Amino acid sequence: MCKHILNAQVAIRAPCCKQWFDCAECHAETQDHRLAKTAEMTLMCKKCRKAFRKDMSNYEESDEYCPHCDNHYVLEAKTPQAVLGVEGDDPRINARMLKDERVKRDPSRSLFGQDLSDRVG
Ligand SMILES: [Zn+2]
Ligand SMILES: [Zn+2]
Ligand SMILES: [Zn+2]
């Protein structure tokens, strides 16, 4: 099972190694090569277990449904934690990143600062 997208509705067939993955992260973790990009993805609906192809360069809203069983397979991904590649436009993620940066303060810096302020006259 995919641990990145908990509600994955489709499996993706990687064009490079011809194996099925739940998401690109799964491919990255188990393979030592980059996921090949292709305009025509081969997908498999997890509900009816039937494979179908999608032209990703010409993707429409009606393409979000399985052609066999009409399962709505494009869902907002439920991820256990914030997705990698944090430089998004999501202000919540940005705020959390800034906070983390402030926590990691270099202690040697504050030491130097004290030395300077001690210099009197
Ligand atoms: Zn591959
Ligand atoms: Zn995954
Ligand atoms: Zn289906």
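Structure: see above.
Residues numbered from 1 in each chain as written. Chains lettered and ligands numbered in written order. Predicted model: local features only at pLDDT ≥ 70, side-chain atom pairs only at ≥ 80, totals over all residues.

A. Representation of the nonpolar core within the structure. Grouped together as the largest cluster of nonpolar side chains are 10 residues: Val10, Ala11, Ile12, Ala14, Phe21, Cys26, Leu43, Cys45, Cys66 and Tyr73. Those elements giving two or more residues to this core turn out to be strand S1 (10-13) and strand S3 (40-45). No other element matches the 3 residues that S1 contributes to this core. Discounting chain neighbours no more than four positions away, the residues touching Cys26 are Cys2, His4 and Phe21. (Core = buried A, V, L, I, M, F, W, Y, C linked by C-beta atoms within 7 Å. Buried ≥ 20, exposed ≤ 12 C-beta atoms within 10 Å, placed from the backbone. Helix = DSSP H or I, 4+ residues; strand = E, 2+ residues; numbered from the N terminus. Contact = placed C-beta atoms within 7 Å.)

B. Spotlight on the sheet that holds strand S2 (residues 20-21). An order of S2-S1-S3-S4 is seen for the 4 strands of this open sheet, with the pairing classed as antiparallel. A strand with exactly one partner marks an edge of an open sheet, and here the two such strands are S2 and strand S4 (51-55). By the bridge criterion, 4 bridges tie S1 to S3 in an arrangement that is antiparallel. Across the sheet, the residue bridging to Ala11 is Met44, located in S3. (Pairing = 2+ DSSP bridges.)

C. Structural view of unusual backbone geometry. Of note in the backbone geometry, Lys18 takes a positive phi value of approximately 55° without being a glycine. Looking at the secondary structure, you find Lys18 in the loop between S1 and S2. For Arg49, which is not a glycine, the phi torsion comes out positive at approximately 65°. Mapped onto the elements of the fold, Arg49 is located in the loop between S3 and S4.

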